[in-house]
Amino acid sequence: MEKFSENNDKKGSIIWLQEGLKLLKEKGFKNLNLDELSSRTGKAKTSFYHFFTSKSAFLIELALYWEHHYSV
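Everything numeric here is computed off the predicted structure, so don't read it as measured data. (Residues numbered from 1 in each chain as written. Predicted model: local features only at pLDDT ≥ 70, side-chain atom pairs only at ≥ 80, totals over all residues. Heavy atoms only, no water.)

Caption draft 1: Representation of the nonpolar core in the model. W16, L17, L37, F48, F52 and F58 are the most contacted members of the largest nonpolar core, which totals 14 residues. Among the secondary structure elements, those contributing two or more residues to this core are helix 1 (13-27), helix 2 (34-41), helix 3 (45-51) and helix 4 (55-70). Looking at which element gives the most residues to this core, the answer is helix 1, with five residues. Sequence-distant contacts of F52, defined by excluding residues within four places in its chain, comprise S13, W16, L17, F58 and E61. (Core = buried A, V, L, I, M, F, W, Y, C linked by side-chain atoms within 4.5 Å. Buried < 20%, exposed > 50% of the residue type's maximum accessible area, 1.4 Å probe, protein only. Helix = DSSP H or I, 4+ residues; strand = E, 2+ residues; numbered from the N terminus. Contact = heavy atoms within 4.5 Å.)

Structure (structure tokens):
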């Protein structure tokens, strides 16, 4: 599996990942939706697609981000 790198931030994707982890923890996988995520980040929903090609791509990056920051 690919490793997450802070250098891959693309000037803003980290906020999406940080809030995505919070939302995932609070609401679970099935209830993770882009409208609420957009609201929490304070960013337009369309900007999500500047950083991630799809929700699936976001979830992969989210797993890499979690692994990099929270696993031993």
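Having seen it, we continue.
Caption draft 2: Highlighting the packing of helix 1 against helix 2. Running from amino to carboxyl end, helix 1 crosses helix 2 at an angle of 125°, the nearest separation of the two axes being 9 Å. Comparing the axis directions of helix 1 and helix 2 gives the class oblique. Handedness of the helix 1/helix 2 crossing: right-handed. For the pair helix 1 and helix 2, contact is made by I15, W16, E19, G20, K22, L23, E26 and K27 and by E36, L37, S38, R40 and T41, respectively. By residue class, the composition of the contact of helix 1 with helix 2 is four nonpolar, three polar and six charged. (Axes fitted to C-alpha atoms, helices over the stretch in contact; angles between N-to-C directions. Parallel < 35°, antiparallel > 145°, perpendicular 65-115°, else oblique. Left-handed = near helix turned anticlockwise from the far one by under 90°. Nonpolar A, V, L, I, M, F, W, Y, C, P; charged D, E, K, R; others polar.)

Caption draft 3: Summary view of the packing of aromatic side chains. For the coordinates displayed, the defined rule picks out six aromatic pairs. Taken together, a centroid distance of 5.2 Å and an interplanar angle of 40° make the contact between F48 and F52 tilted. Taken as a pair, F48 and F52 share a single burial class, namely buried. The rings of W16, F48, Y49, F51, F52 and F58 are connected pair by pair, giving a single aromatic cluster. (Phe/Tyr/Trp six-rings, centres within 6.5 Å; stacked < 30°, edge-to-face > 60°.)

Caption draft 4: Broad picture of the packing of helix 1 against helix 4. Helix 4 packs onto helix 1 with a crossing angle of 85° between their chain directions and a minimal axis gap of 10 Å. Put simply, helix 1 runs roughly perpendicular to helix 4. Where helix 1 abuts helix 4, its residues I14, W16, L17, Q18, G20, L21 and L24 lie against F58, E61, L62, Y65, W66 and Y70. A breakdown of the residues in the contact of helix 1 with helix 4 according to their chemical character gives ten nonpolar, two polar and one charged.

Limitation: the analysis is restricted to geometry and does not speak to function.
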